[in-house]
Each structure stands twice: as structure tokens, then as C-alpha cells.
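# Structure assessment
Given next are the chains, with one letter for each unit.
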Amino acid sequence: MSVAYQAVMWNRQKRRYDLTILAGVLGYLAIFIAFFSLTNPNATAETALIRGLGTAAFFLLHIILCIGPLARIDKRFLPLLYNRRHLGVTMFMLGLGHGALSILQFHGFGDLNPLVSVFVSNDSYDSTSQFPFHSLGFVALAILFLMAATSHDFWLANLSAPVWKKLHMGVYIAYTLLVAHVILGALQAETSIILSGLTLLGFLVVFGLHFYSGFLERRGDDELGNQVMADYVEVCSVNDIKNDRARIFTLSGERVAVFKYDGKISAISNVCQHQNGPLGEGKVVDGCITCPWHGYQYRPNDGASPPPFSEKVPTFAVKLKGDRIFVNPTPHPPGTDLPPAVIEQAKEGNV
Amino acid sequence: MIAAARKRHRAMVLLMGVVIPIVFVWGIISRQQVPILPAAEPNQIQGNAMGTFELKVDDASLNVTVYQQGPNLQLRWPQMQPLPYADILVYWLPDGDFNRAILVGNYVPNRQTVVQELADVTPTDQVELVLFALAQQQEVARAPFQRSPGGAP
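Report follows, based on the coordinates. (Residues numbered from 1 in each chain as written. Chains lettered and ligands numbered in written order. Predicted model: local features only at pLDDT ≥ 70, side-chain atom pairs only at ≥ 80, totals over all residues. Heavy atoms only, no water.)

Once that is clear, we can look at the interface of chain A and chain B. Contacts between the two partners involve 38 residues from chain A and, on the opposite side, 30 residues from chain B. A combined buried area of about 3,300 Å² lies between chain A and chain B, and 66% of that area is made up of carbon and sulfur atoms. Here chain A and chain B share zero salt bridges between them. Mapped onto the side of chain A that touches chain B, the elements with two or more residues apiece are helix 4 (84-107), helix 8 (161-168), helix 9 (170-184), helix 10 (186-189), helix 11 (193-220) and strand 4 (254-261) of chain A. The residue inventory of the side of chain A that touches chain B, partitioned by class, reads 18 nonpolar, 13 polar and seven charged. (Contact = heavy atoms within 4.5 Å. Buried area = accessible area lost by both parts, 1.4 Å probe. Salt bridge = Lys/Arg side-chain N within 4 Å of Asp/Glu carboxyl O. Helix = DSSP H or I, 4+ residues; strand = E, 2+ residues; numbered from the N terminus. Nonpolar A, V, L, I, M, F, W, Y, C, P; charged D, E, K, R; others polar.)

If you want it as C-alpha cells, here you go:
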């Protein structure tokens, strides 16, 4: 959570994360350039660097795209999600280096403005083998620039989470353009089956993980066809929820997180106000529901962040009948204080 | 609101899942082999010199000799000197038409004598040799074939 903006709110984990990224990138570049120089002794240093930066950025983009679904499938990947934006900015910087060097080498010495030359020096837009693939990479880089430039929480708060999310969904357009850039560019000359195979494998992993995690989520989104009691919908038993944890239910098309804590039951929107993280996959820490993505916190009874923070999420009225939990699917305005349902010890069982 | 965002997310991923395989298959099927020809060792040169190409690049002069080697031709380059252009490619133009150009290989400066082999071509009087700088997108030099006196037809 933040009440003021800093360039980076450093902590020990972020430093370790960033040092790991830096070491990984430098190690990859060193190995790639050494291998490339050995196998292509006639290639210039600029060519080795252009290809090293390009492949590093492309590889990193695959990792970034896999982190989201992996974290949905297995919570052990959540630490990678925590600082994913730093990975994204690093990937953009690598791509920028690749693009800038390429434009300089291939478009920087003619009469035309190099940026114009990217789009017009080769006008074979109707050809596959000679397609001006530089233009695809340039458009993808422009999208990644917008994402990197707005990655800070300042923009998230000022653009609002839905707009920010829409903008950052552009990563799929950028990825598609970059795959086309690679296939219509490097893979036209480099006919090795290994390179084509790696490109295809990368796409299959990214798409397969998204498809599988989407399948799991969609299964959980099925509306409850349970008993309705005076506008309240039965969701589960008290014993179905672990202490300080939640279960997520889809009511009226939106996800609701039903938490059990301190012998009480409360329900709030499942959507964190920060980056729309799944609050129901978090846990109650020091009396506050804590988002598993970036640690934003909310009180279970009113869905408001503790002072001095100001984030709020909608709350839902809860009732107990025996050990069955009933939730009213009509959301109350964010921050509305609703009394939790109190669990009688005899009904709770041995959870 | 978040349900709409999830639907949009799913639509984007599905669209990506359709577009990328099409681009991949389309790109792989329609790619063309670039005819980079292997360089031979200078001591493999045999046969008679048929003629030369006298390429002039700014103040430098490059005399490329053409030898008949069985059914193939060999281009024998003198010591290749540095030229003020980057990524220079060598093209064989059968009749001066760039649309029918054959890529012989790349021009690598600071090499001793280099021989490049060409298969199934005939050095007619219309043949030209062209140096093209990829970085500058510029033709650097062009020279017609000059048959040696007594050179084989």
C-alpha cells in the first residue's frame, strides 16, 4: 500500500529480485555473445549484441507471460508475481537496446529519417519471405514502452485499475507482433529447426498455461444454484473454510471472497483495488485480509484499508443458519461496515 | 466490472492462440533459402581463367578473376581490402537484371585470397558483378564481365 509515491519502494525482497534479474540478463548476454561469436566468426560485434539483446528480451517476455497463469495454478509462484513489473521494465530496456541498435545499423545511414525508414525502406508488405518485419518490432516496442512508462503505482492510481488493466493487456498484442517479427524476420534466414522449434515451444507454453489456468478459473465461476433464503444465497459450510482463509464464490457475475477469522465470517469483493489481485487467495494477517499479489490490506468487516491508507472494496452481508453460510449477492458500497456472522463453537467442528 | 475484464482477457488470449499459429505456419512454409555459397580454398583453383570483373569502389580497385571448374565457376578475389561500407553482399547478375540476381556471398574484408563457387551459370558478356551495402541500402560497385583473350566461351 502507498500513501505517497516513490520511484521504487525498496525492500530486501525487491533488491534480491532485481539482483537476480540483473545477474540472469548479464549471464545470458555473456553466454549468447560468446556462443554466437564462436559459431559466426565473421559476424560483427554489433550483430552479436543486436541478436543477444533481442533474444534476451523475447525470452524474458515468455517468462513474464507465464508468471500470471503459473501463480494462479500454484501459489508457490506468487513471489515471482510480486515484482513482475521490474521484469517487465527490464524486458522493455533489452528490447529498446535491440531496436535502437537495429535502427541505427539498418536505417541510420540513409537519407531518410531512420524511424520513417523502418516503415518505408522495404515496402514488400505483400510478401512473406521479404516482409518488412522491422515495422512489427517497432509497433510492439511502442506498446511495451507505454506499458513500461505507466508501470508505476502513480499511473495505476491515476488511470484507475480498470483502465490500467486494459492498457497492460496490450502485452498480448505486443507478444503476437513480436512472434510475427521473429518468424518473418530472423526465422526466414535462420532455417535451423531448433530455432523454429524453440519459438513454437515458447508459444505453446505461454498459450497452454493461459488456457489451463483459464479453464480452472472458469470452472470456479459457475454460478451457485443453491438454496436462497430471503435474498441470501447459500455458499458453503463453516467447516469448508480454513481459519484466516477464504473461499471464493461467483454471485451475480462477480467473485466474492468469504473469509473465516477469529470465529467470525465476513464477505468482501474478491478484487483488490491495487491491481485487481484475488483477495480470496490471500489470508488474514494481523486482523486484515492481505492480497497475495502485493500485500495490500483490507479489514474484513468494512473492506477498508487501515489508516493511513485509503483503498476500499465492496462488502457483502452474511448470515449463518446452523453451520451453513448465506451471502447476500448485492454488494454494499466500498468501505461499508457490516457486522460479521459469529460462529458458535459447537457448529464449527474441528477445522 | 471485473467480470468484463476477465472476458476481455480470455478473448485476447484466444485471439492470440488463433493468430500466432497461422503466422507461424504461413511464415515457415513460405520462407526461401538464401543461397549463401561456400567459399573454397585458394589452392583448389584449377583450370583456365575465363575473364575478370574490374570493380571500382571509390578509390579502390578489385579485380575478380573467373575460372571454369568443371560445370561450375569460381570467383577468385584478391586480398579483400576494407571498404567504407557495412554488410556488403556480392551478387551475380546474369543479364544486368536485379530481379534475377544470384547471391554469391558476403564481402569479408581483411581476408587473403578467397574463392567463391557458382554452379550452373554461364559468364556471358551481359553478366555483371555487383557489390551491395546492406546497411546503407546502396549499390557500391558494378562491373561487367570482361572475357580474357583466348578465354573459354
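Another aspect to go through is the environment of Lys319(A). Summarising the element assignment, Lys319(A) is placed in strand 10 (residues 318-321). Residues Lys319(A) and Ile265(A), spaced 54 residues apart in sequence, show a C-alpha to C-alpha distance of 8.4 Å.

Here we take up the packing of aromatic side chains. Residues and elements named next belong to chain A. On inspection of all chains with the given rule, the structure shows twelve aromatic pairs over all chains. Taken together, a centroid distance of 6.4 Å and an interplanar angle of 20° make the contact between phenylalanine 58 and tyrosine 175 stacked. With phenylalanine 58 in helix 2 (residues 45-73) and tyrosine 175 in helix 9, this pair connects stretches of sequence that are 117 residues apart. Neither phenylalanine 58 nor tyrosine 175 differs from the other in exposure class; each is buried. When the ring of phenylalanine 92 is compared with that of phenylalanine 145, the centres are 5.9 Å apart and the planes differ by 50°; the resulting orientation is tilted. Taken together, the residues phenylalanine 92 in helix 4 and phenylalanine 145 in helix 6 (residues 133-149) connect sequence positions 53 residues apart. Since its relative accessible area comes to 7%, phenylalanine 92 is described here as buried. (Phe/Tyr/Trp six-rings, centres within 6.5 Å; stacked < 30°, edge-to-face > 60°. Buried < 20%, exposed > 50% of the residue type's maximum accessible area, 1.4 Å probe, protein only.)

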